[in-house]
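# Descriptive analysis of the structure
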Amino acid sequence: MLNFKQLHHFWNVARAGGIVRASERSGLAPQTLSGQIAILEASLGVTLFRRRGRGLALTETGQMVLDYAEEIFRVGSELEEALHNRAAGRAIPFRVGIADVVPKAIAWLLLAPSMKLAEPVRIVCREDKMVRLLGDLAIHKLDVVLADSPMPTHMDVRGYNHKLGESPISFFAAPSLAESLTGSFPANLVGQPMLIPGADAAVRRPLMQWFEEQHIAPHIVGEFDDAALMKAFGEAGVGVFPAATLIAEQVCRQHGVRCIGEAPAVSEAYYAISVERRISHPATLAISRSGLEGAKRD
């Protein structure tokens, strides 16, 4: 069975960059640390470090073990903090990164289950570009990232995608613009001013493909990274805009627009991205178990 005390010594040496520095930080003799790591290597049957000049460098296996050790001791630290907060009656912090292409109404639906836990939760939301959020997730500044696509495979970040659900899209327009449309949907979109999501939105490509399949050459008058800003322009009558069918009623009520048609062939998916394969944070666990449809039912 893995000896976690020895693993902790290895973790400290790897983070310190050497035996001597780890010894100074921990107060343990260099011989003690060296001996504990040697026992760990023998028990695992691997070599974790190799000599590099006067110092040590991780082997490929050592780097893999370090990655797991980082996660193990991070989870242990979170457990200790959660127990301390519960004993003190304090709310558990839940740090969420929301990609700016995710509609705020959808983000609320996804996060709603986390606010209904028996344990009090203090949610901290940060909105930004997905790449920057994933960087903060990697260094544990965030517990989870909500996005409209899985984590890009080219990113050097260890993370796991948990699909929460998806929704087809519908098209909306201000009443004055909606009344000017003639014919049936989607042919009535031909020649109309169109507002579309920015290049970072995962729905952008399937949306443009759908236009092509429907023989619609959209007259694009605006592109938006922020879905809320796109809706504000749509509310002002600048153009027709797409949004998730799941929140159609809310979009119409909040922005005073009309739904002019649905494109079931085009859908938006939503993901929770975590650094854990098996989720441990109770709030992240709640939203992953509930998913989008469960949150909507609630």
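A short tour of the structure in this document, coming up. Remember, it's a predicted structure, so these values are computed and weren't measured experimentally.

Moving on to the pairing of strand 8 (residues 219-224). In the sheet, strand 7 (residues 193-197) pairs with strand 8 via five bridges, with the strands oriented parallel. Looking across to strand 8, one finds that Pro 193 is bridged to His 219. Once you follow strand 7 into helix 8 (residues 204-213) and on to strand 8, the crossover reads as right-handed.

Think of a ball as big as a water molecule: rolled over the atoms, this probe shows where empty space is left. Per the stated rule, a full pass over the model turns up two cavities of 30 Å³ or more. By volume, the largest cavity is sized at about 150 Å³. Those elements that place two or more of their residues in the lining of the largest cavity are helix 9 (227-235) and strand 9 (241-244). Considering only residue class, the lining of the largest cavity consists of 13 nonpolar, one polar and four charged. Reported here for the second largest cavity is a volume of approximately 60 Å³. Residue lining of the second largest cavity: Arg 74, Glu 78, Arg 95, His 140, Leu 142, Asp 143, Val 275, Glu 276 and His 281, and that is the complete set. Broken down by class, the residue content of the lining of the second largest cavity amounts to two nonpolar, two polar and five charged.

Secondary-structure assignment places Leu 142 in the loop between helix 6 (130-138) and strand 5 (144-147). Leave out the neighbours within four places in its chain, and Leu 142 touches Arg 95, Val 96, Gly 97, Leu 133, Asp 136 and Leu 137.

Here the focus is the side chain of Arg 204. Positionally, Arg 204 belongs in helix 8. A polar contact of 3.1 Å, which involves the side chain of Arg 204, links it to the side chain of Glu 223. Among all residues touching Arg 204, those that are not within four sequence positions of it are Ile 196, Pro 197, Gly 198, Ala 199 and Glu 223.

A word on unusual backbone geometry. Of note, the amide linkage connecting Phe 185 to Pro 186 takes the cis form, showing an omega dihedral of 5°. Looking at the secondary structure, you find Pro 186 in the loop between helix 7 (175-180) and strand 7. The phi angle at His 215 is positive, at roughly 60°, despite the residue not being glycine. Structurally, His 215 can be placed in the loop between helix 8 and strand 8.

Before going further, it helps to examine the pattern of salt bridges. Scanning the model with the defined rule gives 12 salt bridges in all. For Asp 143, the salt bridge identified is with Arg 95, shortest N-O distance 2.9 Å. Of this pair, Asp 143 sits in the loop between helix 6 and strand 5 while Arg 95 sits in strand 3 (residues 92-99), and the two are 48 residues apart along the sequence. Judged by its relative accessible area of 27%, Arg 95 falls in the partly exposed class.

Calculation notes
- Residues numbered from 1 in each chain as written.
- Predicted model: local features only at pLDDT ≥ 70, side-chain atom pairs only at ≥ 80, totals over all residues.
- Heavy atoms only, no water.
- Pairing = 2+ DSSP bridges.
- Helix = DSSP H or I, 4+ residues; strand = E, 2+ residues; numbered from the N terminus.
- Right-handed = clockwise from strand over helix to strand, strands pointing away.
- 1 Å grid on protein atoms, 1.4 Å probe; cavity = no way out; pocket = protein on both sides within 12 Å on 5 of 7 lines; lining within 4 Å.
- Points joined across faces, edges and corners; volume = space filled by probe spheres on them.
- Nonpolar A, V, L, I, M, F, W, Y, C, P; charged D, E, K, R; others polar.
- Contact = heavy atoms within 4.5 Å.
- Polar contact = N/O pair within 3.5 Å; in protein donor to acceptor, adjacent residues only side chain to side chain.
- Salt bridge = Lys/Arg side-chain N within 4 Å of Asp/Glu carboxyl O.
- Buried < 20%, exposed > 50% of the residue type's maximum accessible area, 1.4 Å probe, protein only.

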